[in-house]
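Close look at the chain arrangement
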Amino acid sequence: MDATEFRRRGKEMVDLIADYLENIEQRPVYPDVEPGYLRSLIPEEAPEESETYEDVVKDIERVIMPGAASPACTELETVMMDWLGKMLKLPEDFIAGTHGQGGGVIQGTASEATLVALLAARSRAVRMILASDPQRPETGITSKLVAYSSDQAHCSVERAGMIAGVRMKKIPTEQSDKYAVQGETLRRMIQEDKAAGLIPFYFCATLGTTPSCAFDHITELGPICNAEKIWMHIDAAYAGSSFICPEFRPLLNGIEFADSFNFNPHKWLLVNFDCSTMWVRKRSDLIGAFKMDPLYLKHDHQESGLVTDYRHWQIPLGRRFRSLKMWFVFRMYGLKGLQDYIRKHVELAKEFESLVRADQRFEISADVVLGLVCFRLKGSNEVNETLLKRINNGRKIHLVPCQLSGQFVLRFAVCARTTESRHIREAWRLITQLAEEVMQELPH
Ligand code: PLP
């Protein structure tokens, strides 16, 4: 949709909302639909090809309005999470409309999903231990719990440990292993901690780390977690969107061992902020951790098993109608349109990588797998820090750095919807021009 159409559609949408508000008294206050009404009204999977804006808007009256006020919000979310789960080829266990015991929920951010998974894991660990040793005091269990994540994990993982009040250990990674957590390292830490009387219960794997887009080896790590009854959560905040492309889907192999998985469609799948999608293998593990049923939140269907009460799946009780954004985006782009978008960004990143590799003064600091290129001037950290400052002070492009094995590294990330090859070439022209200046001024 170009700017002209966006202006027109925006005005039409205001009219639609104004008409709705003007005529609201003609609509029933309480919906007259049965639980599960929505699933049969829309396809089981996202369309391959794009549909028009009119197609989607027409369906608001047919699909959403009969369940407006409440069930539509919940039911569209369940079905959209299934659509997206199928695009990612998640195992059936994670898809709600199957015989499995799992399903998806929209959280606000990846940080929230990591925390929710950690709290659910803590609750499951305590329940499991009490089941075999009912006399053991609960505080004696929680003080021994230990969680793990990579030293490359996003700081939100460490923060989840602080909020939950549990010990969180960082697993060291090596440049020679491409900054991925190795099975052997996790196994050794678990054995050492168990020997010291601790209780390992949670591991947060990262697919697409923030510094360098590294991928933990979940095919190796998953079986270790399963054997030790450790909850494996996968944080793929950025990289997860790429798994809708068959060529990137192998990066998610090993998902079959995970208890929960999360990524942010608001990062790289064209859904506006906020929309962080989380799937769990077993709904009851989450619900068991957060269930509260005061009288003022009771409803007729709550014991029927037909209704998903998302308030038990998250920290807040109230929720936004975020699945509408997914519905519009998935239909208006179609799976193919979304795949093209991801592929284009990866191609642009590869184009930038080739420009860097062709210049002897620079080096690439980590494999370029998706839309992130980690690079630096061959030379001191000081030279690279100065270059970054000059680049950002120029206010034309914005780069965020990272540290890899003690080296100061520049990160070039292709993020914007409208990025084209000419932007990449222009960015490289600016970077090399500033690099020249810096190299003349500073010893390197
Ligand atoms: N995990 C990873 C790997 C990330 O790259 C990020 C953000 O960049 C996060 C988690 C945090 O995401 P959010 O802002 O959605 O909490």
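Residues numbered from 1 in each chain as written. Predicted model: local features only at pLDDT ≥ 70, side-chain atom pairs only at ≥ 80, totals over all residues. Heavy atoms only, no water.

**Let's talk about the site of the ligand**
- Around the ligand, the structure places Thr109, Ala110, Ser111, His154, Ser156, Thr206, Gly208, Thr210, Asp235, Ala237, Asn264 and Lys267.
- A distance of 2.6 Å separates a nitrogen atom of the ligand from a polar atom in the side chain of Asp235.
- Contact distances for the ligand include 2.8 Å between an oxygen atom and a side-chain N or O atom of Asn264.
- Within the complex, the protein chains bury 83% of what would otherwise be the 400 Å² of accessible surface of the ligand.
- Residue composition of the shell around the ligand, grouped by class: 2 nonpolar, 8 polar and 2 charged. (Near = heavy atom within 4 Å. Polar contact = N/O pair within 3.5 Å; in protein donor to acceptor, adjacent residues only side chain to side chain. Areas by Shrake-Rupley, 256 points an atom, 1.4 Å probe, with all protein chains shown as cover. Nonpolar A, V, L, I, M, F, W, Y, C, P; charged D, E, K, R; others polar.)

**Here we look at the pattern of salt bridges**
- Enumeration according to the criterion identifies 33 salt bridges in this entry.
- The salt bridge involving Arg9 is made with Glu54; its shortest N-O contact spans 3.0 Å. One end of the pair, Arg9, is in helix 1 (residues 3-22); the other, Glu54, is in helix 2 (residues 53-64), and 45 residues separate them in sequence.
- The buried category is assigned to Arg9, whose relative accessible area is 7%.
- Glu54 gets classed as partly exposed once you look at its relative accessible area, which sits at 41%.
- The shortest N-O distance in the salt bridge between Asp367 and Lys178 comes to 2.9 Å. Remark: Lys178 occurs in the loop between strand 3 (167-171) and helix 7 (183-195) and Asp367 occurs in the loop between strand 8 (362-364) and strand 9 (372-377); sequence separation between them is 189 residues.
- Overlapping salt bridges, with partners in common, bring together Glu5, Arg8, Arg9, Glu12 and Glu54 in one network. (Salt bridge = Lys/Arg side-chain N within 4 Å of Asp/Glu carboxyl O. Helix = DSSP H or I, 4+ residues; strand = E, 2+ residues; numbered from the N terminus. Buried < 20%, exposed > 50% of the residue type's maximum accessible area, 1.4 Å probe, protein only.)

**Some words on the domain arrangement of the protein**
- Domain annotation of the protein identifies domain 1 (76-333) and domain 2 (335-441).
- Summarising the inter-unit geometry, the C-alpha centres of domain 1 and domain 2 are found 31 Å apart.
- With 26 residues of domain 1 at the interface, the matching set in domain 2 holds 21 residues.
- Between domain 1 and domain 2, a total of about 2100 Å² is buried, with carbon and sulfur atoms accounting for 68% of that surface. (Domains from an automatic or database assignment. Contact = heavy atoms within 4.5 Å. Buried area = accessible area lost by both parts, 1.4 Å probe.)

**Re the sheet that holds strand 8**
- In space, the 4 strands of this open sheet follow the order 8-9-11-10, with antiparallel pairing throughout. Both edges of this open sheet fall to strand 8 and strand 10 (400-404), since each of them pairs with a single strand only. The sheet shows a mean angle of 40 degrees between the axes of neighbouring strands, taken without regard to direction.
- Bridge count for strand 9 against strand 11 (residues 407-413) is 4 bridges, and the pairing is antiparallel. Looking across to strand 11, one finds that Val373 is bridged to Phe412.
- Set on the sheet, helix 12 (residues 381-393) makes contact with strand 8, strand 9, strand 10 and strand 11; between it and strand 11 the angle comes to about 30 degrees. (Pairing = 2+ DSSP bridges. Axes fitted to C-alpha atoms, helices over the stretch in contact; angles between N-to-C directions.)

**Notes on the environment of Arg9**
- Placed 45 residues apart in sequence, Arg9 and Glu54 show a C-alpha to C-alpha distance of 9.5 Å.
- Beyond its immediate chain neighbours, meaning those up to four positions away, Arg9 contacts Met1, Tyr53 and Glu54.

**Description of the side chain of Asn262**
- Relative to the helices and strands, Asn262 resides in strand 6 (residues 260-263).
- For Asn262, a relative accessible area of 0% translates into the label buried.
- For Asn262, the side chain forms a polar contact with the side chain of Ser276, separated by 3.0 Å.
- At 2.9 Å, the side chain of Asn262 and the backbone oxygen of Thr277 are in polar contact.
- Ignoring sequence-local partners within four residues, the contact set of Asn262 consists of Ala110, Ala113, His233, Ile234, Asp235, Ala236, Ala237, Ser276, Thr277 and Met278.

**What about the UniProt feature "modified residue: N6-(pyridoxal phosphate)lysine" (unreviewed entry) in the protein?**
- The sites that UniProt annotates as "modified residue: N6-(pyridoxal phosphate)lysine" (unreviewed entry) are Lys267.
- With respect to the secondary-structure elements, Lys267 resides in helix 9 (residues 265-268).
- Those residues within four positions of Lys267 in sequence are excluded, and the remaining contacts are Ala237 and Tyr238. (UniProt positions renumbered as here; feature names shortened; annotations may be inferred.)

**Side note on the pairing of strand 4 (residues 199-206)**
- Among the 8 residues in strand 4, 8 count as buried, and that is most of the element.
- Across 5 bridges, strand 2 (residues 145-150) lies against strand 4 in parallel orientation. Within strand 4, the position partnered with Leu145 by the bridge is Ile199.

**Some words on the packing of aromatic side chains**
- Scanning all chains against the criterion turns up 13 aromatic pairs.
- When the centroid spacing of 5.3 Å and the interplanar angle of 75 degrees are considered together, the rings of Phe352 and Phe375 count as edge-to-face. With a gap of 23 residues between them, Phe352 in helix 11 (residues 323-357) and Phe375 in strand 9 connect regions that are remote in the sequence. Each member of the pair, Phe352 together with Phe375, is buried.
- On the basis of an interplanar angle of 90 degrees and a centroid distance of 5.5 Å, the ring pair of Phe352 and Trp428 is categorised as edge-to-face. You can see Phe352 sitting in helix 11 and its partner Trp428 sitting in helix 13 (residues 421-441), a full 76 residues away along the chain. Residues Phe352 and Trp428 agree in their burial class; the two are buried.
- Within the aromatic cluster, the residues linked to one another by ring pairs are Phe352, Phe362, Phe375, Phe412 and Trp428. (Phe/Tyr/Trp six-rings, centres within 6.5 Å; stacked < 30°, edge-to-face > 60°.)

**Points about the packing of helix 1 against helix 2**
- Direction vectors running N to C along helix 1 and helix 2 enclose 10 degrees, while the axes themselves pass 13 Å from each other. Considering their axes alone, helix 1 and helix 2 lie roughly parallel with respect to each other. For the pair formed by helix 1 and helix 2, the contact residues are Glu5, Arg9, Glu12, Met13 and Leu16 on the first element and Tyr53, Glu54 and Val57 on the second.
- In the contact of helix 1 with helix 2, the residues fall into 4 nonpolar, no polar and 4 charged. (Parallel < 35°, antiparallel > 145°, perpendicular 65-115°, else oblique.)

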